[in-house]
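The residues making up each chain are set out below.
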2 protein chains.
Amino acid sequence: MTDLAARFRKLWDSLAPVGRDADSGGYLRYALTEPERWLRAWFRDQADQRGMPVQEDGNGNLFAWWGDPAAGDAVLTGSHFDSVPHGGAYDGPLGIVSAFLAVDELRAAGFTPARPLAVGAFVEEEGARFGVPCLGSRLLTGEIAVERAAELRDAAGVSFADALGDRPAGADPVLLGRFAAFVELHVEQGRALVEQDAPVAVASAIWPHGRWRFDFQGEGNHAGTTRMADRRDPMLTYAFTVLAANKEARLRDAHATVARVAVEPNATNAIPSRVTGWLDARAAEPQTLHGLVEAVRAKAAERARRDGTELTLTEESATPLVAFDGGLAKRLATLLDAPVLPTGAGHDAGVLAAHLPTAMLFVRNPTGVSHSPAEAATDADCAAGVTALARVLEELTCR
Amino acid sequence: MTDLAARFRKLWDSLAPVGRDADSGGYLRYALTEPERWLRAWFRDQADQRGMPVQEDGNGNLFAWWGDPAAGDAVLTGSHFDSVPHGGAYDGPLGIVSAFLAVDELRAAGFTPARPLAVGAFVEEEGARFGVPCLGSRLLTGEIAVERAAELRDAAGVSFADALGDRPAGADPVLLGRFAAFVELHVEQGRALVEQDAPVAVASAIWPHGRWRFDFQGEGNHAGTTRMADRRDPMLTYAFTVLAANKEARLRDAHATVARVAVEPNATNAIPSRVTGWLDARAAEPQTLHGLVEAVRAKAAERARRDGTELTLTEESATPLVAFDGGLAKRLATLLDAPVLPTGAGHDAGVLAAHLPTAMLFVRNPTGVSHSPAEAATDADCAAGVTALARVLEELTCR
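What you see is a predicted model, and the numbers here were worked out from it, not measured in a lab.

Engineer: Tell me what's going on with the packing of aromatic side chains, and back it up with residues and numbers.
Structural biologist: All names here are of chain B. This structure, assessed with the given rule, holds 24 aromatic pairs over all chains. Ring geometry for Phe63 versus Phe179: centroids 5.6 Å apart, planes at 40 degrees, classification tilted. Within this pair, whereas Phe63 is found in strand E2 (residues 62-66), its partner Phe179 is found in strand E5 (residues 179-187), the two being separated by 116 residues in sequence. Considered together, Phe63 and Phe179 belong to a single accessibility category, that of buried residues.

Written as structure tokens, this is what we have:
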């Protein structure tokens, strides 16, 4: 094990038990609950040890400064502490741990940045507690209204304002204006780096994506007595649509998932009157995504005609393509000799990309699994991530 | 409209509003709730008007007697008042209304039975309140333990014993021994009589049927970032199995339905870790049913191999073939010049068939729909049902 990998492991172990569920091995680190508050205290402690003053922005986001915040043109790096239910260890925390270790690397090399450098921890990135992902970065950038954010409630009815201890501050153009760039390091949520045999990649874009609700209306009837030919069974149309979405996505190198379903009445011996399925679809290009959803719709509608059911399609959300700063991505890929990859997942970097030059680094995940205890990264790859991040921060702050 | 059809309509209208949901047009007549208690009072009133003493058996079943119960060799007819949630008007009550009108027809013709004749109303046939279908007939015949029946609870936690007002009496061999035959008239729960252009049929059998649980285990993952090729998505195996069950049933002239599903975690952006589907399968012959379930299992297992998922199959219940008394069915079919049909649904007649010669008559249902407000029967066909039932009762009680 290299010295850096050993240092990574030591720092990593200091937060590994926090919020870990003994049964699943996954993490329950919801924003502003006890485990995440422990991690926020850990953040302050790590910043203190490095002589980096910590600023809380009034929205729940933390920033530890190396250099004078008021100097402007700062480079921000970091990620988030919160997890999805029973999520993996690396999604979020790896970006913060790597940021502190990158600072150590730069200092050990005797580097002094020509601009301020900040390590950030954004609140409620997953949206697992209050329902809106990237809540902290959306508040900072003004992409969500303070009134709405304050009143978001968790499953127990606690509002975000109550959890925060105050009404969130909302858009902060002064703070935002101090940052000239943001770099988020994140564990990869797929296996592209395994196949490309590389430990680190640079992100090109976040795929356009959305959610579409397919309501299939049929005719409730007795499962025991209704002849097959007399049925109008919406479960058949649903099942066909699930398989069609999979096939159409494969044909287009896109992603389509039907992972959520609601059935009325959902009783073993009653042919359903209605089945609703939700399609999550993502693709590299908006036109590919549009073509994918249209193809699934057409196949579902054709099958509905055969089944005697009726299809109603509703777009519940659509997020356009987030293209990270092309010049920055190219510069970092050249610097690191790293591949450039798109991602299908949303991140705080996707929110900030609309406001300042933003880049992401991905660290190889051997399982490719994400939002699950099976998410993984080797210490050697995490060390390679720290090295890459340190080089990027040096490049961006050297003048 | 014939006189009999008009008499049917008048008696039918007297109970049509009871327990009807104004929004769905369906009925909420759960056993021993207010609407069903109203119908039980209506039963006593109809019996009183005809000079038929009413006996309650201590299990919640009612019997109105024409003739001396103690004479033995009685012929029983009737059905049930209770409904499934938002069920149709005819399922159950048609058999009781038709029984009283058949008594009127026999008396108007000057017929005097040589044996006692009883009109019965069984409690909780649908199992919609306490979960066990044919509860009243199962108690009377001793096919369910009193201890278990007493402790069955509805959704509000009320036990069957509390609803009944007493611990159920359970098996009553003396009462059961007084019946020499049972004939249940029921609305058809399919469209066979529409196609055969006949108003009434005689039942041959209740198909063997059962419920099988298919658990598909996959790997939870991120719907946005996981490439299609890297997935182990159990929703795909489930969907394929739904379509396979439909196809295999059609090939065999059997019935297969997957109407209930449970998904973990059932979130739009999370490939499920587990999907469970319940198969309801029925066929005319036990070997056909076995072949159907085995074919669905084999197709599901093959698809599971392709999807990288794992299938566990569990038989949750299996009910063997109920063959109604063959001699009696043939005799009634000849008497009525009516077709003989099997059914896929359970009935009190199916429970009693193990204890005494039992037959069923079906009345044509233009929609073929059952357990739904769309269930229907014309007044003319209901009158034909009364005429057929009167002829059957005359035949069975004339000596």
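Next comes the rest of the description.
Engineer: Which residues make up unusual backbone geometry, and what values do they have?
Structural biologist: Note that the residue after Glu264(A), namely Pro265(A), is joined by a cis bond; omega there is 0 degrees. Tracing the backbone through its elements, the reader meets Pro265(A) in the loop between strand E9 (255-264) and strand E10 (270-271). Positive phi is not limited to glycine here, since Asp73(B) has a value of about 55 degrees. With respect to the helices and strands, the residue Asp73(B) is situated in the loop between E2 and strand E3 (74-80). In the Ramachandran plot, Asp337(B) falls in the positive-phi region, its phi being about 50 degrees despite a non-glycine side chain. With respect to the helices and strands, Asp337(B) occurs in the loop between helix H11 (326-336) and strand E14 (340-343). Relative accessible area serves as the criterion here: at 72%, Asp337(B) is assigned to the exposed category.

Engineer: Mind laying out the interface of chain B and chain A, listing which residues take part and the relevant values?
Structural biologist: Each partner contributes to the interface: chain B provides 56 residues, whereas chain A provides 56 residues. In this assembly, chain B packs against chain A so that about 4,700 Å² is buried in total across both faces, 56% of it on carbon and sulfur atoms. The three residues of chain B that bury the most area against chain A are Met228(B), Ala259(B) and Thr268(B), which together make up 15% of that side's buried surface. Along the contact surface separating chain B from chain A lie three salt bridges. With a closest N to O distance of 4.0 Å, Arg191(B) and Asp230(A) form a salt bridge. In this assembly, chain B and chain A are joined by 18 residue pairs in polar contact (both at pLDDT 80 or more).

Engineer: Explain the packing of helix H9 (residues 234-252) of chain A against helix H10 (residues 286-307) of chain A residue by residue, including any values.
Structural biologist: Residues and elements named next belong to chain A. H10 packs onto H9 with a crossing angle of 150 degrees between their chain directions and a minimal axis gap of 9 Å. Taken together, the axis directions place H9 and H10 in an arrangement best described as roughly antiparallel. H10 is crossed by H9, and the crossing has right-handed handedness. On H10, the residues that touch Leu236, Thr237, Phe240, Thr241, Ala244, Ala245, Lys247, Glu248, Ala249 and Arg252 of H9 are Thr288, Gly291, Leu292, Ala295, Val296, Lys299, Ala300, Arg303, Ala304 and Asp307. Taken together, the residues that form the contact of H9 with H10 break down as 10 nonpolar, four polar and six charged.

Engineer: I'd like a rundown of the relation of the copies chain B and chain A, residues and numbers included.
Structural biologist: One copy of the chain maps onto the other through a rotation about an axis plus a displacement along that axis. Taken as rigid bodies, chain B and chain A are interconverted by a rotation of 180 degrees and an axial shift of 0.0 Å, the fit giving an RMSD of 0.1 Å. Put plainly, the chains are arranged around a two-fold axis. Among all residues of chain B, the minimum C-alpha distance to the rotation axis is found for Ala239(B), at 2.1 Å. Taken as a fraction of all interface residues of chain B, those also at the interface in chain A reach 100%, which identifies the copy contact as same-surface.

Engineer: Explain the pattern of salt bridges to me, and be specific about the residues and the numbers.
Structural biologist: As enumerated under the stated definition, the model contains 51 salt bridges over all chains in all. A salt bridge links Arg129(A) to Asp154(A), with the shortest nitrogen-to-oxygen separation between them at 2.8 Å. One end of the pair, Arg129(A), is in the loop between strand E4 (117-122) and helix H4 (135-141); the other, Asp154(A), is in the loop between helix H5 (146-151) and helix H6 (160-164), with 25 residues separating them in the sequence. According to the relative accessible area criterion, Asp154(A) is buried, its value standing at 13%. Arg297(B) is the salt-bridge partner of Glu294(B), the closest N and O atoms lying 2.7 Å from each other. One end of the pair, Glu294(B), and the other, Arg297(B), are both in helix H10 (residues 286-307), three residues apart, so they sit about a helical turn from each other. A relative accessible area of 29% places Arg297(B) in the partly exposed class. When salt bridges that share partners are traced, they join Glu36(A), Arg40(A), Arg44(A) and Glu56(A) into one network.

Engineer: Account for the sheet that holds strand E7 (residues 209-217) of chain B, with residues named and values stated.
Structural biologist: Residues and elements named next belong to chain B. The sheet built from four strands is open, its strands ordered E9-E11-E7-E12 with antiparallel pairing. Each of the sheet's edge strands pairs with one partner strand only, and the pair in question is strand E9 (255-264) and strand E12 (310-319). When the angles between neighbouring strand axes are averaged without regard to direction, this sheet yields 15 degrees. Those strands touched by helix H9 (residues 234-252) are E7, E9 and strand E11 (274-282), and its axis lies near 170 degrees from that of E9.

Engineer: Residues and numbers for the domain arrangement of chain A, please.
Structural biologist: Residue and element names in this part refer to chain A. On domain assignment, one finds that chain A holds domain 1 (3-207 + 321-397) and domain 2 (209-319). Using C-alpha coordinates to define each centre, domain 1 is positioned 36 Å away from domain 2. On the side of domain 2, eight residues touch domain 1, which itself brings five residues to the contact. At the boundary of domain 1 with domain 2, total buried surface from both sides reaches about 600 Å², with 60% on carbon and sulfur atoms. Its largest share of buried area at the contact with domain 2, domain 1 owes to Trp207, Leu321 and Gly344, together 89% of the area lost on that side. For the interface between domain 1 and domain 2, the tally reads zero salt bridges.

Engineer: Give a description of the confidence of the model for chain A that names residues and reports values.
Structural biologist: Mean pLDDT over chain A: 95, with 100% of residues reaching 70 or higher. Here the predicted complex carries an ipTM of 0.80, next to a pTM of 0.80.

Engineer: Quick one: what's the story with the environment of Leu292(B), residue by residue and with numbers?
Structural biologist: Residues and elements named next belong to chain B. Mapped onto the fold, Leu292 is located in helix H10. Along the chain, Leu292 and His86 lie 206 residues apart, while their C-alpha atoms are 31 Å from each other. Contacts of Leu292, omitting those with residues within four sequence positions, involve Ala245, Glu248, Ala249, Arg252, Ala254, His255, Ala256, Ala281 and Arg282.

Rules of the game
Residues numbered from 1 in each chain as written. Chains lettered and ligands numbered in written order. Predicted model: local features only at pLDDT ≥ 70, side-chain atom pairs only at ≥ 80, totals over all residues. Heavy atoms only, no water. Phe/Tyr/Trp six-rings, centres within 6.5 Å; stacked < 30°, edge-to-face > 60°. Helix = DSSP H or I, 4+ residues; strand = E, 2+ residues; numbered from the N terminus. Buried < 20%, exposed > 50% of the residue type's maximum accessible area, 1.4 Å probe, protein only. Contact = heavy atoms within 4.5 Å. Buried area = accessible area lost by both parts, 1.4 Å probe. Salt bridge = Lys/Arg side-chain N within 4 Å of Asp/Glu carboxyl O. Polar contact = N/O pair within 3.5 Å; in protein donor to acceptor, adjacent residues only side chain to side chain. Axes fitted to C-alpha atoms, helices over the stretch in contact; angles between N-to-C directions. Parallel < 35°, antiparallel > 145°, perpendicular 65-115°, else oblique. Left-handed = near helix turned anticlockwise from the far one by under 90°. Nonpolar A, V, L, I, M, F, W, Y, C, P; charged D, E, K, R; others polar. Least-squares fit on C-alpha atoms with pLDDT ≥ 70 in both. Pairing = 2+ DSSP bridges. Domains from an automatic or database assignment. pLDDT = per-residue confidence, 0-100.

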